[in-house]
Amino acid sequence: MRKEWMEPVIEVQEFVANEYVAACGDSGKVYNFECNAGKRGNRYYVYTNGADGLPGTSDDVRLGGYHPCGTTHSAESDSDFAYGYMYKEGFLGFPDRSNRIDVVIWRGEKGDNIHCTTNLDIDSWETAKS
């Protein structure tokens, strides 16, 4: 049986960015913010606002304990920032719910370390290019 020769064909697909690819941050913007929520030496319980975006509702998530480190952190614009709030640890280790502090939460480069700032206007934070 004789095989028929065919000229090689190259197929090229054009790459078209979609919303998933384009959602990789603000082209290398880095936010600089101070971990300043609360007083040094105190311990706080940190919560994220739930899916409804409102503090103090049943869908809020308790992240854990926190104390301010006072450090200015640099975080990529596509980092996992969340709006939330915190309460100072009160008597017998329970949260003192008499004074809620609204914060923006950053969970660190690996998502395992809580840092909070009381500057809720992210657009006003100092920025740099990565």
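The structure reproduced in this document is the subject of the present report. (Residues numbered from 1 in each chain as written. Predicted model: local features only at pLDDT ≥ 70, side-chain atom pairs only at ≥ 80, totals over all residues. Heavy atoms only, no water.)

## Description of the sheet that holds strand E7 (residues 115-117)
Then, in step 1: One open sheet holds the 5 strands; their spatial order is E3-E2-E5-E6-E7, and the pairing between them is antiparallel. In this open sheet, the two edge strands, each paired with only one partner strand, are strand E3 (61-66) and E7. Each strand axis lies, on average, 40 degrees off the axis of its neighbour in the sheet, ignoring direction. (Pairing = 2+ DSSP bridges. Helix = DSSP H or I, 4+ residues; strand = E, 2+ residues; numbered from the N terminus. Axes fitted to C-alpha atoms, helices over the stretch in contact; angles between N-to-C directions.)

## Remarks on the pattern of salt bridges
Then, in step 1: Summed over the entire model, instances satisfying the criterion amount to 2 salt bridges.
Then, in step 2: One salt bridge connects Arg 43 with Glu 89, and the closest N-O pair in it is separated by 3.7 Å. Of the two residues, Arg 43 is situated in the loop between strand E1 (29-34) and strand E2 (44-48) and Glu 89 in the loop between strand E5 (81-88) and strand E6 (101-106); the sequence distance between them amounts to 46 residues.
Then, in step 3: Among the residues examined, Arg 43 registers a relative accessible area of 40% and is labelled partly exposed.
Then, in step 4: Using a relative accessible area of 29% as the deciding quantity, one classes Glu 89 as partly exposed.
Then, in step 5: For the salt bridge of Arg 100 with Asp 102, the shortest nitrogen-to-oxygen distance reads 2.9 Å.
Then, in step 6: Assessed through its relative accessible area of 38%, Arg 100 is described here as partly exposed. (Salt bridge = Lys/Arg side-chain N within 4 Å of Asp/Glu carboxyl O. Buried < 20%, exposed > 50% of the residue type's maximum accessible area, 1.4 Å probe, protein only.)

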